[in-house]
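Chain by chain, the residues:
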Amino acid sequence: MSLKFLQRFNVKDRLLGLIVPLFVLALWQGAVSQHLFSELLLVPPLTLWNTIIELFRSGDLISNIQVSLNRVFLGFLLGGSAGFILGVGMGLSPVINRALGPLVKVLQQVPELAWMPMIILLFGIDEFARIFFIAIGAFYPMIFNTYQGVSGVPEKYHELARVFDYKSFRYLSKVIIPSALPSIITGIRLSIGLSWMFLVGAELFGTESGVGFLMIMGRQMFQIDVVMAGLVVIGTLGLIINTLLKKFEQFVLRGRVSFDGGAA
Amino acid sequence: MTISNKTKAFLGSSIVPLLLVIVWQYVASSGYVASFILPSPNQIIKTFVTNFVEKEYALHIAASLKRVLIGFLIGTVSGFSFGLLMGLSRTAEKIFGPFFNVIRQVPIIGFIPLIIMWFGVTELPRIIIITVAAFYPVTLNTFAGIRNVPKEYFELSSVYGYKGLKLIRRIVIPAALPSITTGITLALGMSWAMLMAAELFIQTYFGIGTRIQLGRDKFNMALVIVGIITVGALGFFMTTIVEQLAKALDRGKIIRKET
Amino acid sequence: MSVAKGTLEIRNLSKSYVVDNNPLQILKNINITFPAGAFVSILGSSGCGKTTLLRIMLGLETSYEGDALIDGEKIEGPGSNRGIVFQDHRLLPWLTVGENVAFGLDKLNRKTKKLLVDEHLKLVGLSGFEGAYPAQLSGGMAQRVAIARALANKPEILLLDEPLGALDALTRMYMQKELERLWEFEKITMIMVTHDVDEAIYLSDKIIIMSSRPGIINKIINIPSSRPRDRASSEFMQIKAEILNEFHLGSEYPFAYAI
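What you see is a predicted model, and the numbers here were worked out from it, not measured in a lab.

Trainee: What is the right way to look at the overall build of chain B in this model?
Mentor: Each helix and strand in chain B was counted, giving eleven helices and zero strands. Taken from the N to the C terminus, the helices and strands of chain B come in the order α-α-α-α-α-α-α-α-α-α-α. Against the compact-globule benchmark of 18 Å for 259 residues, chain B has a radius of gyration of 23 Å, which places it well outside the compact range. In terms of overall dimensions, chain B has C-alpha extents of about 75 × 65 × 30 Å along its principal axes. Every one of the 259 residues in chain B was classed for burial, and the buried ones make up 47%.

Pasting the structure below:
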């Protein structure tokens, strides 16, 4: 992995990429030491680093990360699988597509966050409300991409399945899903990305645990270092999740150089 | 024949929503569920009408539209410039690309607590959130669009002596246009979505998000639903307009794509 | 083994589509018998309905007038007694070569499956390639895998829809030799649709020449000569001249002078 990375970007290129971060860091440190801003509004980079380490050591960070990851996972599982099942159904059956397609399209016009007050009215600000909200975020990319993939299975593969007498579950698992897989995986990637985004939204509406909770507490107690630490953690975890998902995608789609099957 | 098919398709797609409305009306009027949890369609229409008769609701809508428009415009223009710079210069890409890609991983909503602390509960942090939401997709799609301009076009340009600004205006931007307009359409959707974050998390007197929040605080579900419908419908109209504009700009490009 | 089996008969077969409310006749009054164990080519320019005829034999087209019978029984749909090689190899890109060959053997146990896959990959000269993916193969290799997949099911009849149409001229001639070898080894009926005159003469016991609008049988030519055939022999040339004449492409001079 690291070898491949080095091949793509040589050392000089990677040093170029460090210019902006170092510049920002210098500007930041400079602003702090010149007392351009109050320490309340901008802590020195080193203080931020110490805060992160401290939060780590005390175990606060770890336990809150766990809670947040758990929420994302459950929300994605709920919304993602609903989107997947409906997407497959709509992709395979014109009847289901006609019945559900327009409804989904209309609902999709509503920004996800606008549902949150309604969800809170229905369920109260509890764990289920948060997970349900994340599930809404995870639902759309999954149903959309699964539908695209399944309805886009080339006619030639349908024919092949008929010639070799593939039916029902075998047809689905051996032909439809593998053929739609690149699109489905894109759906999973977007879906988890949005789950992560809406996790933060869900937690800002009020919670007593999670990375978002750390940030709310930081804000209320005017500890800007904690708020920034939360931001760093959210960004880093997002980056890690995204990288892992890309690796996962490469692994699952290995061997498929051209998806149309080469010369065809 | 085509008409009857269309009618059939329309009827097919209205069955589920129709059933939902009927069940909804039935359950709501049966009294099993409190009306503040599940108002009947009737009640919602009434709330809708009173809302739109009041002059105040127009002010809420205007406030939201203004916010989105400002953020969207700033985000689009700056995203286009930044994407253009990184698309044209590999050095610029190497300098700014990695930083941009890392920062982009932070969910936009996550910035809200920080910028509230910096700028207070004012209009500025709201605009910033919406601007950033528009900035990312425009940057990415402008960049990708320019990088995908076929090499042949550049060869042709050098044969005819196109250079500098002329090359950018006459070749690069028109060739990258479909991707750029896609970015702008996405940017509008993202701005609209983040408008809700801006209005729900950064308290304000005016805005559709405020109205939805008000409905929640007053335990008035009808108000919440009217707000949701307003947001959805406005988002839909705006996206449709931008999509049509993009199509109009893209005249004649379809042929090029297929060859 | 299945020596007597594998006779395919087409009786009084006609088929038409409706295009813009006008019926368009694709096939008109087709009568052919494909004897068991024979290699028969259907030759015609594009649009003569030869692929439609093949799809009827395969069982993918089921609406037509007349009869299509295998060993006296009506074709109801695709079945394991017929194998097919499409013009595009139609290998599934997410399966390895070995898994693609095993595609029709799903109901067998692992050991038998492996045995059959190995046997047929060896037959087409691709032992050791079972772990490769289709995208890694050349066009000729991919088509050989497709042939192995079709033969692995032990069909009585192998249908070939312009199987070598996508290959370059030299690979094509090599693959024709391979097909002949496979036909002699398997001793099954092979029915090939092609528009390549040389290919048809080189491989067939019998050539069915079709013309278009509507698709009818123009002529049936039997080729009794021994194998392998010499593409440069005068007998080969004479048959070629006879066929080209059918398409009004014959030379004005007899071929004897041309040699």
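Trainee: Which parts of the structure should I look at to understand the side chain of Ser41 of chain C?
Mentor: All names here are of chain C. Tracing the backbone shows Ser41 in strand S3 (residues 39–43). Looking at Ser41, the relative accessible area reads 0%, which means it is buried. Among the polar contacts listed, one links the side chain of Ser41 to the side chain of Ser204, at a separation of 2.5 Å. Here Ser41 is in contact with Met192, Thr194, Ala200, Ser204, Lys206, Ile207 and Ile208, once residues within four sequence places are set aside.

Trainee: Is there a simple way to explain the interface of chain A and chain B in this structure?
Mentor: Interfaces are frequently sized by the accessible area removed from exposure as the parts join. Contacts between the two partners involve 47 residues from chain A, matched on the other side by 50 residues from chain B. Interface of chain A and chain B: buried area, both sides summed, is about 4,200 Å²; carbon and sulfur atoms make up 83% of it. If you sort the residues of chain A by the area they bury against chain B, Leu121, Met197 and Arg219 of chain A come out on top, with a joint share of 16%. Where chain A meets chain B, there are zero salt bridges. Here chain A is connected to chain B by three residue pairs in polar contact (both at pLDDT 80 or more). For the side of chain A that touches chain B, the secondary-structure elements that each account for two or more residues are helix H2 (11–33), helix H5 (94–108), helix H6 (112–123), helix H9 (168–204), helix H10 (211–220) and helix H11 (224–252) of chain A. Here the side of chain A that touches chain B takes nine residues from H11 of chain A, the largest share from any one element. Considered class by class, the residues forming the side of chain A that touches chain B number 36 nonpolar, eight polar and three charged.

Trainee: Can you walk me through the pattern of salt bridges in this structure?
Mentor: Side chains bearing opposite charge may pair, as long as their charged atoms lie close to each other. For the coordinates displayed, the defined rule picks out 29 salt bridges over all chains. Of the charged contacts in the structure, one is a salt bridge between Lys50 of chain C and Glu162 of chain C, with a shortest N-O distance of 3.7 Å. In this pair, Lys50 of chain C sits in helix H1 (residues 50–58) while Glu162 of chain C sits in the loop between strand S7 (157–161) and helix H5 (169–186), placing the two residues 112 residues apart along the sequence. Between Lys219 of chain C and Glu242 of chain C there is a salt bridge, with the nearest N and O atoms lying 3.4 Å from each other. Here Lys219 of chain C, found in strand S10 (residues 216–222), pairs with Glu242 of chain C, found in helix H7 (residues 234–246); they are 23 residues apart in sequence, far enough to count as distant. Judged by relative accessible area, Glu242 of chain C falls into the partly exposed class, the value being 33%. Three or more residues are tied together by salt bridges with common partners; here these are Lys156 and Glu159 of chain A together with Lys15, Arg55, Glu61, Asp88 and Arg90 of chain C.

Trainee: Looking at this structure, I do not really get the sheet that holds strand S2 (residues 22–34) of chain C. What am I missing?
Mentor: Each strand in a sheet pairs with another by means of backbone hydrogen bonds, the pair being arranged parallel or else antiparallel. Residue and element names in this part refer to chain C. Spatially, S2-S1-S4-S5 is the arrangement adopted by the four strands of the open sheet, whose pairing is antiparallel. At either end of the open sheet lies a strand with only one pairing partner, and these are S2 and strand S5 (73–74). Pairing between strand S1 (residues 8–19) and strand S4 (residues 65–70): five bridges, direction antiparallel. Across the sheet, residue Ser14 finds its bridge partner in S4, namely Glu65. Docked against the sheet, H1 engages S1, S2 and S4, running at close to 120° with respect to S1.

Trainee: Is there a simple way to think about the interface of chain C and chain A in this case?
Mentor: Counting residues at the interface gives 22 residues for chain C and 23 residues for chain A. Carbon and sulfur atoms supply 65% of the area that chain C and chain A bury against each other, a total of about 2,300 Å² over both sides. Counting the surface chain C buries against chain A, the share from its top three residues, Arg90, Trp94 and Phe103 of chain C, is 29%. Along the contact surface separating chain C from chain A lie three salt bridges. A salt bridge links Lys156 of chain A to Asp88 of chain C, with the shortest nitrogen-to-oxygen separation between them at 3.8 Å.

Trainee: Which parts of the structure should I look at to understand the domain arrangement of chain B?
Mentor: Residues and elements named next belong to chain B. Partitioning chain B into domains gives domain 1 (1–33) and domain 2 (40–258). Taken residue by residue, the interface counts four residues in domain 1 and five residues in domain 2. Carbon and sulfur atoms make up 75% of the surface buried where domain 1 meets domain 2, a total of about 350 Å² over both sides. When residues of domain 1 are sorted by the area they lose upon contact with domain 2, Trp24, Gln25 and Ala28 head the list and together hold 92% of the total. Applying the counting criterion to the domain 1 and domain 2 interface returns zero salt bridges. Applying the counting criterion to the domain 1 and domain 2 interface returns zero residue pairs in polar contact (both at pLDDT 80 or more). Broken down by class, the residue content of the side of domain 1 that touches domain 2 amounts to three nonpolar, one polar and no charged.

Trainee: Hey, could you run me through the packing of aromatic side chains in this one?
Mentor: Ring pairs (aromatic) are described by centroid distance and by the angle formed between their planes. Tallying each qualifying case throughout the model produces 20 aromatic pairs over all chains. When the centroid spacing of 5.8 Å and the interplanar angle of 35° are considered together, the rings of Phe128 of chain A and Phe132 of chain A count as tilted. One end of the pair, Phe128 of chain A, and the other, Phe132 of chain A, are both in helix H7 (residues 127–151), four residues apart, so they sit about a helical turn from each other. You can call Phe128 of chain A partly exposed: its relative accessible area is 39%. When the centroid spacing of 6.2 Å and the interplanar angle of 75° are considered together, the rings of Phe100 of chain B and Phe135 of chain B count as edge-to-face. You can see Phe100 of chain B sitting in helix H4 (residues 90–103) and its partner Phe135 of chain B sitting in helix H6 (residues 123–147), a full 35 residues away along the chain. Classification of Phe135 of chain B as buried rests on a relative accessible area of 19%.

Trainee: Can you help me understand the pairing of strand S6 (residues 82–85) of chain C in this one?
Mentor: A regular strand places its side chains so that they alternate between the two faces of the sheet. All names here are of chain C. Side chains Arg82 and Ile84 of S6 all project onto a buried face; the interleaved residues Gly83 and Val85 project onto the opposite face, where all are buried too. Note: S6 against S7, four bridges, orientation parallel. Each residue of the ladder has a partner; that of Arg82, found in S7, is Ile157.

Trainee: For this particular structure, what's the right way to read the packing of helix H2 (residues 41–53) of chain B against helix H10 (residues 221–249) of chain B?
Mentor: The description of two packed helices rests on the angle between their axes and on the distance between the axes. Residue and element names in this part refer to chain B. Put simply, H2 and H10 touch, their axes get as near as 9 Å, and they point 70° apart. Relative to H10, the element H2 is oriented roughly perpendicular. As for the relative orientation of H2 and H10, their crossing is right-handed in sense. Residues Ile44, Thr47, Phe48, Asn51 and Phe52 of H2 form the contact with H10, whose own contacting residues are Ala222, Leu223, Ile225, Val226, Ile229 and Thr230.

Trainee: I keep staring at the nonpolar core and nothing clicks. Help me out?
Mentor: In a soluble, globular protein the nonpolar side chains are often hidden away together inside. Residues Leu113 of chain A together with Ile109, Ile112 and Phe201 of chain B are the most contacted members of the largest nonpolar core, which totals 102 residues. In contact with Ile109 of chain B, not counting residues within four places along its chain, are Leu113, Met197, Phe198, Val200, Gly201 and Leu204 of chain A together with Met194, Ala197 and Phe201 of chain B. Leu121, Leu167, Phe236 and Ile243 of chain C belong to the second largest nonpolar core, which has 49 residues in total.

Trainee: For this particular structure, what's the right way to read the arrangement of the chains?
Mentor: In this assembly, two pairs of chains are in contact, and the pair contributing the most contacts is chains A and B. With no contact between them, chain B and chain C keep their nearest C-alpha atoms 11 Å apart.

Trainee: In this structure, what is going on with a nonpolar patch on the surface? I would like to understand it.
Mentor: All names here are of chain A. Residues Val11, Leu15, Leu18, Leu22 and Leu25 make up a contiguous nonpolar surface patch of roughly 470 Å² in combined accessible area. When you line up the elements, Leu25 lands in helix H2. Owing to a relative accessible area of 40%, Leu25 belongs among the partly exposed residues under this scheme.

Cut-offs used in this document
Every chain's residues receive numbers from 1 upward, in the order its sequence appears when written. As a convention, the first chain written is A and the first ligand written is 1, with the rest following in written order. Restriction of local features to residues with pLDDT of at least 70 applies here, the model being predicted, together with a cutoff of 80 or more for giving and counting side-chain atom pairs; totals for whole chains, interfaces and linings are based on all residues. Side-chain metrics rest on all non-hydrogen atoms present in the structure, leaving aside hydrogens and water. By the criteria applied, helices consist of DSSP H or I runs no shorter than four residues and strands consist of E runs no shorter than two, each listed in order from the N terminus. Here the radius of gyration uses the C-alpha set of atoms, whereas the globule reference equals 2.2 Å times the residue count to the power 0.38. The classification of residues rests on relative accessible area computed with a 1.4 Å probe and restricted to protein chains. Under 20% of the type maximum is buried, over 50% is exposed, and intermediate values are partly exposed. What qualifies as a polar contact is a pair of N or O atoms within 3.5 Å, subject to a donor-acceptor requirement within protein and to the restriction that residues adjacent in sequence count only when both atoms come from side chains. Note on contacts: a residue pair is in contact if any heavy atoms of the two residues lie within 4.5 Å. Using a 1.4 Å probe, buried area is obtained as the accessible area two parts lose upon being combined, added over both of them. One speaks of a salt bridge when a side-chain nitrogen belonging to Lys or Arg is within 4 Å of a carboxyl oxygen belonging to Asp or Glu. Any residue outside Ala, Val, Leu, Ile, Met, Phe, Trp, Tyr, Cys, Pro, Asp, Glu, Lys and Arg is labelled polar, Gly included; the first ten of those are nonpolar and the last four are charged. Paired strands, in this sense, are two strands between which DSSP finds at least two bridges. Axis definition: a line fitted to C-alpha atoms, over the contacting stretch in the case of helices. Angles run 0 to 180 degrees between N-to-C directions. Either an automatic procedure or a domain database provided the assignment from which the domain bounds are taken. In summary, the pairing rule links any two rings of Phe, Tyr or Trp, Trp by its six-membered ring, whose centres are within 6.5 Å, and it sorts them by plane angle into stacked for under 30 degrees, edge-to-face for over 60 and tilted for everything else. By the definition adopted for this analysis, an angle is roughly parallel if under 35 degrees, roughly antiparallel if over 145, roughly perpendicular if from 65 to 115, and oblique otherwise. Left-handed is the label given to a crossing in which the near helix is rotated counterclockwise from the far helix by less than a right angle, and right-handed is the label when the rotation is clockwise. Side-chain atoms within 4.5 Å are what join buried Ala, Val, Leu, Ile, Met, Phe, Trp, Tyr and Cys residues into a set we call a nonpolar core. Without a salt bridge and with relative accessible area above 30%, a residue can belong to a patch; like charges are then joined within 9 Å and nonpolar side chains (Val, Leu, Ile, Met, Phe, Trp, Tyr) within 5 Å. For the area figures, the Shrake-Rupley method with a 1.4 Å probe applies, and any residue is considered shielded solely by the protein chains shown.

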